[in-house]
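Listed here are the chains, written in short residue letters.
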Protein chains: 2
Amino acid sequence: MSYAADVLNAAHLELHGGGDAELRRPFDPTAHDLDASFRLTRFADLKGRGCKVPQDVLSKLVSALQQDYSAQDQEPQFLNVAIPRIGIGLDCSVIPLRHGGLCLVQTTDFFYPIVDDPYMMGKIACANVLSDLYAMGVTDCDNMLMLLAVSTKMTEKERDVVIPLIMRGFKDSALEAGTTVTGGQSVVNPWCTIGGVASTICQPNEYIVPDNAVVGDVLVLTKPLGTQVAVNAHQWIDQAERWNRIKLVVSEEDVRKAYHRAMNSMSRLNRVAARLMHKYNAHGATDITGFGLLGHAQTLAAHQKKDVSFVIHNLPVIAKMAAVAKACGNMFQLLQGHSAETSGGLLICLPREQAAAYCKDIEKQEGYQAWIIGIVEKGNKTARIIDKPRVIEVPAKD
Amino acid sequence: MSYAADVLNAAHLELHGGGDAELRRPFDPTAHDLDASFRLTRFADLKGRGCKVPQDVLSKLVSALQQDYSAQDQEPQFLNVAIPRIGIGLDCSVIPLRHGGLCLVQTTDFFYPIVDDPYMMGKIACANVLSDLYAMGVTDCDNMLMLLAVSTKMTEKERDVVIPLIMRGFKDSALEAGTTVTGGQSVVNPWCTIGGVASTICQPNEYIVPDNAVVGDVLVLTKPLGTQVAVNAHQWIDQAERWNRIKLVVSEEDVRKAYHRAMNSMSRLNRVAARLMHKYNAHGATDITGFGLLGHAQTLAAHQKKDVSFVIHNLPVIAKMAAVAKACGNMFQLLQGHSAETSGGLLICLPREQAAAYCKDIEKQEGYQAWIIGIVEKGNKTARIIDKPRVIEVPAKD
């Protein structure tokens, strides 16, 4: 016990000696004897959750797996109570076990470097995998595995500096979440890849099946949008042609602040958000990642039992990133809800009378805002953003 | 139940209408409207388990994770009986759970295409992941996730043909193993990547901690070596320069037979082998993959409680592949035990008096041979192959 507490303290120190957005210095390759031009994000041509196979293509491709599935749906029971079997399309798999009433809740995710600080990259990758559990209201993870691909283009020196830092970040984030990393797989690959597997064995009351939205619920989002815009804008600081397209709407300082806010946000666990889902009787949630706010909202809407639809009115966006997104010809489709996020917030359906208290509680516990961004109406299980949504500028520091 | 049985029958039909080494026709790209020159194995520069980060490099890199570990080792207990926590370095993680006496046994693996038949590639990837559970004597898998990277170099057409076939092969293999695939992650990546995660929740008596070898035990291997040599030789049929180096020792027909034997062997589950480990009181096992026979034998030896060492006398090799390995200047280091295998056999420590019965039983149940390949001596927890090991030529058909 004392050991675990020590490690958590160490992780805490690391956080506040280095992990905090305001305190953590930018990663300096030369401090590790690497060339000053070393950039982790250059070891892949795609960034973060922008690497996903497009949603429509994926649906088509996985239909081969899906078919198994519906026919078995009615089967698993325990003491005559059906345990829902949840699978492809939602954030986690939930598998009823042979052992009295227990379920395995499990998820996997991996992607490409999105920030240049290897330690933070490890933290983000871990927070991102865990987020799928948190979206199901699961607050405790029993085990993690790490998935890592070392780029074939890294020198031995780069590899020996970067990979242990990534692993350390991943491990520290796991400790912060109260779990440990016990294994994994490492390969070499043209692009650097980082991810993991998170598993929990729990009782059915420990997770929240995300299909109970009712008319009158409101939608809460627990992290701001715009991580993809921020990490790209940050990279453009060094690319004159790109920078010229956005420099009228944003300063270098703004972009650096937004980048740090994004890094901080992506590495933050959605664990408190998950815990409070139980306290405030959430009707379901999903986490916002590669398919953007609207993509994930639509998936969540499609899985509802009742005839509801989600209407989104407000878009909390990291400060200035909405302007940047507009200035570069809408390539991100941020305000349309399609910009990929990495390790984004939870989108939660809450009873209307509980939502404000939920937001207040999360702010009290974590010091971060959450926002009511939309409502649940009668409808045909779809989601949309209204014509002129209100953009909420979220400052670099809450 | 009837549904599951139907699917298993379908999988069985698929196997005998298509999956069997002798009956399955070579994958014909033109039958799927792809160019005749399409080769799945060209979508990565490394093949199968040859993609592993070298064993020594990996040990160094994961030391950052390992440290957590020993300090917690003494802690997990159930009813005052310590449940061993097993992690990095062995085939599976074993994690004691909060729920009475149960453990999570979990593994992950992914690699690059090693054969050109997408359906068989899916089967091999699945068998390879499950093999880590089987090496621990675990015979039932509760859940599988699939990890898939679609190559950025594939055309849409190629992707739409190949990916569903890979998924089908993976799924069919999972069904054959009595489990299902409930989720996963798909990304795009320069190299095509295929793998998965296998998890089981079980009681401690359902797995075999691989650390109980005693002097006098013998070592049994359940699949022949030489898969890497066979898949490479098969690729060289189309490459005159390479082919010229081996054509004196092998015919095209020999190579095609060896390739099919390898494909069949790699897609075969080690499940019966695992089940029989319990029946014949195995003292521990590992599965032979990327680090070759000797690499994995050394890891297994290093984990023993007693002061033992493993001495390997016999090398069962797919017919003609030892000659091919010699003819191409020993690049594979096959007879030195370093040639990477993909989804290889189990290497099992068995009490001497049980080993012959084990081999006979596996042959009776599956129609495949297993071999006694070495002995356990007093020693310092290492493994070696004797100077002139006997090569057992394993014919394409048993």
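Conventions used here
Residues numbered from 1 in each chain as written. Chains lettered and ligands numbered in written order. Predicted model: local features only at pLDDT ≥ 70, side-chain atom pairs only at ≥ 80, totals over all residues. Heavy atoms only, no water. Helix = DSSP H or I, 4+ residues; strand = E, 2+ residues; numbered from the N terminus. Buried < 20%, exposed > 50% of the residue type's maximum accessible area, 1.4 Å probe, protein only. Contact = heavy atoms within 4.5 Å. Pairing = 2+ DSSP bridges. Axes fitted to C-alpha atoms, helices over the stretch in contact; angles between N-to-C directions. Parallel < 35°, antiparallel > 145°, perpendicular 65-115°, else oblique. Left-handed = near helix turned anticlockwise from the far one by under 90°. Nonpolar A, V, L, I, M, F, W, Y, C, P; charged D, E, K, R; others polar. Domains from an automatic or database assignment. Buried area = accessible area lost by both parts, 1.4 Å probe. Salt bridge = Lys/Arg side-chain N within 4 Å of Asp/Glu carboxyl O. UniProt positions renumbered as here; feature names shortened; annotations may be inferred. pLDDT = per-residue confidence, 0-100. Phe/Tyr/Trp six-rings, centres within 6.5 Å; stacked < 30°, edge-to-face > 60°. Disulfide = S-S within 2.5 Å. Polar contact = N/O pair within 3.5 Å; in protein donor to acceptor, adjacent residues only side chain to side chain. Expected span 1.5 Å × (residues − 1). Arc of directions from axis to C-beta.

What chain A contains, in helices and strands, is 11 helices and 13 strands. In chain A, which comprises 398 residues, the share counted as buried stands at 64%. Sequence separation of 24 or more characterises 83% of the internal contacts of chain A that already satisfy a separation of 6 or more.

On to the pairing of strand β3 (residues 93-96) of chain A, then. Residues and elements named next belong to chain A. Residue alternation in β3 divides its side chains into two sets, Ser 93 and Ile 95 and Val 94 and Pro 96, and both sets are buried. By the bridge criterion, 4 bridges tie β3 to strand β4 (residues 103-111) in an arrangement that is antiparallel. By the bridge assignment, Ile 95 is partnered in β4 with Leu 104.

All names here are of chain A. Contact pair helix α5 (residues 227-236) / helix α7 (residues 252-267): the axes reach a minimum separation of 8 Å and the direction vectors enclose 135 degrees. Here α7 runs oblique to α5, going by the angle between their axes. The hand of the α5/α7 crossing is left-handed. Residues Thr 227, Ala 230, Val 231, Ala 233 and His 234 of α5 pack against Val 255, Arg 256, Ala 258, Tyr 259, Ala 262 and Met 266 of α7. Its residues placed into classes, the contact of α5 with α7 shows 8 nonpolar, 2 polar and 1 charged.

Attention now goes to the sheet that holds strand β11 (residues 346-350) of chain B. Residues and elements named next belong to chain B. Pairing within the open sheet is mixed, and its 6 strands lie in the order β9-β11-β8-β12-β10-β13. Only two strands of the sheet have a single neighbouring strand rather than two, namely β9 (284-287) and β13 (383-394). Direction aside, neighbouring strands of the sheet carry axes that sit 20 degrees apart on average. Pairing analysis gives 8 bridges linking strand β10 (residues 308-318) to β13, with the strands arranged parallel. Residue pairing for β13: Pro 316 is matched across the bridge by Ile 392. Contacts from helix α11 (residues 352-366) reach β8 (218-221), β11 and β12 (371-378), with the element oriented near 15 degrees to β8.

All names here are of chain A. Split into domains, chain A comes out as domain 1 (40-64 + 75-202) and domain 2 (217-394). Interface area, domain 1 with domain 2, both sides summed: about 2700 Å², of which 58% is carbon and sulfur. On the surface where domain 1 and domain 2 come into contact, there are 1 salt bridge. Among the salt bridges present, the one from Asp 140 reaches Arg 271, with a minimum N-O distance of 2.9 Å.

What follows is about the UniProt feature "domain: PurM-like N-terminal" (unreviewed entry) in chain A. In the numbering adopted here, UniProt assigns the feature "domain: PurM-like N-terminal" (unreviewed entry) to residues 91-196 of chain A. For residues 91-196 of chain A, the end-to-end C-alpha separation is 14 Å, with 37% helix and 33% strand making up the annotated structure.

Let's shift gears to the pattern of salt bridges. Tallied over the full model, the rule gives 18 salt bridges over all chains. Between B:Asp254 and B:Lys320 there is a salt bridge; the shortest N-O distance is 3.8 Å. On the criterion of sequence distance, the pair formed by B:Asp254 in helix α7 (residues 252-267) and B:Lys320 in the loop between β10 and α10 (321-327) is long-range, its members being 66 residues apart. Among the salt bridges present, the one from B:Asp361 reaches B:Lys279, with a minimum N-O distance of 2.8 Å. Taken together, the positions of B:Asp361 in helix α11 and B:Lys279 in helix α8 (residues 271-279) put the pair 82 residues apart, joining distant regions of the chain. Take B:Asp361: its relative accessible area is 8%, and that puts it in the buried class. One salt-bridge network, in which partners are shared between bridges, spans A:Arg98, B:Asp142 and B:Glu206.

Using the residue numbers shown here, the UniProt feature "domain: PurM-like C-terminal" (unreviewed entry) corresponds to residues 215-384 of chain A. Between the first and last C-alpha atoms of residues 215-384 of chain A the distance is 15 Å; the span itself is 44% helix and 20% strand.

This part is about the pairing of strand β4 (residues 103-111) of chain B. Residue and element names in this part refer to chain B. For β4, the tally of buried residues reaches 9 of 9 residues, placing the bulk of the element in the interior. Residues Cys 103, Val 105, Thr 107, Asp 109 and Phe 111 of β4 are buried on one face, and the alternating residues Leu 104, Gln 106, Thr 108 and Phe 110, pointing to the opposite face, are buried as well. In this structure, the hairpin formed by strand β3 (residues 93-96) and β4 is closed by a connection of 6 residues, where Gly 101 is found at a positive phi of approximately 75 degrees. Where β4 meets strand β7 (residues 193-202), 9 bridges bridge the pair, whose relative direction is antiparallel. Bridge assignment links Leu 104 to a residue of β7, and that residue is Ile 201.

What follows covers the sheet that holds strand β12 (residues 371-378) of chain A. Residues and elements named next belong to chain A. What the 6 strands build is an open sheet, ordered β9-β11-β8-β12-β10-β13; its pairing is mixed. Because the sheet does not close on itself, it has two edges, and the strands there are β9 (284-287) and β13 (383-394). Averaged over all pairs of adjacent strands, the angle between their axes in this sheet comes to 20 degrees, without regard to strand direction. Bridge analysis of strand β8 (residues 218-221) against strand β11 (residues 346-350) gives 4 bridges, and the strand direction is antiparallel. Directly across from Val 220, in β11, lies its bridge partner Ile 348. With respect to the sheet, helix α3 (residues 118-135) is in contact with β9 and β11, its orientation differing from that of β9 by roughly 170 degrees.

Let's shift gears to unusual backbone geometry. Positive phi values are uncommon outside glycine, yet A:Asp33 reaches one of about 65 degrees. In this model, A:Lys320 sits at a positive phi of 75 degrees, which is unusual for a non-glycine residue.

Before going further, it helps to examine the confidence of the model for chain A. Residue and element names in this part refer to chain A. The share of residues in chain A with pLDDT of 70 or more is 82%, and the mean pLDDT across the chain is 84. Across residues 1-23, confidence stays below pLDDT 50; counting only partners more than four residues off in sequence or on other chains, it has 28 contacts. Confidence drops under a pLDDT of 50 for residues 67-85, and excluding neighbours within four residues, the segment shows 38 contacts in the predicted structure.

This part takes up the packing of aromatic side chains. The tally for this structure, following the rule as stated, stands at 7 aromatic pairs over all chains. Look at A:Phe110 and B:Phe110: their rings are 6.4 Å apart centre to centre, the planes differ by 5 degrees, and that puts the pair in the stacked class. Here the residue A:Phe110 occupies a position in strand β4, and B:Phe110 occupies one in strand β4, the pair thus bridging two chains. The same class applies to A:Phe110 and to B:Phe110, which are both buried.

This part is about the state of the cysteines. A complete count under the given rule lists 0 disulfides over all chains for this structure. Distance from the sulfur of A:Cys141, which forms no disulfide, to the nearest cysteine sulfur (A:Cys126) is 7.9 Å.

The next subject is the side chain of A:Ser151. Residues and elements named next belong to chain A. Here Ser 151 is to be found in strand β5 (residues 143-151). On the basis of relative accessible area, Ser 151 is assigned to the buried category, the value being 3%. Polar contacts involving the side chain of Ser 151 include one to the main-chain amide nitrogen of Lys 153, which spans 3.0 Å. Of the polar contacts made by the side chain of Ser 151, one reaches the backbone oxygen of Pro 190; its length is 2.7 Å. Those residues within four positions of Ser 151 in sequence are excluded, and the remaining contacts are Phe 43, Asn 189, Pro 190, Trp 191 and Cys 192.

Take helix α11 (residues 352-366) of chain A next. Residues and elements named next belong to chain A. End to end, α11 covers 22 Å across 15 residues, agreeing with the expected 21 Å (1.5 Å per residue, within 8%). What α11 keeps buried is the set Gln 354, Ala 355, Tyr 358, Cys 359, Asp 361 and Ile 362. Along the long axis of α11, the arc covered by the buried residues comes to 165 degrees, so they all point the same way. Turned more than 90 degrees away from the buried face of α11 sit Glu 353, Ala 356, Lys 360 and Lys 364, all of them exposed. If you follow the buried residues of α11, they end up packed against β8, α8 (271-279), β11 and β12. Just past α11, the residue Gly 367 takes up positive phi, approximately 75 degrees.

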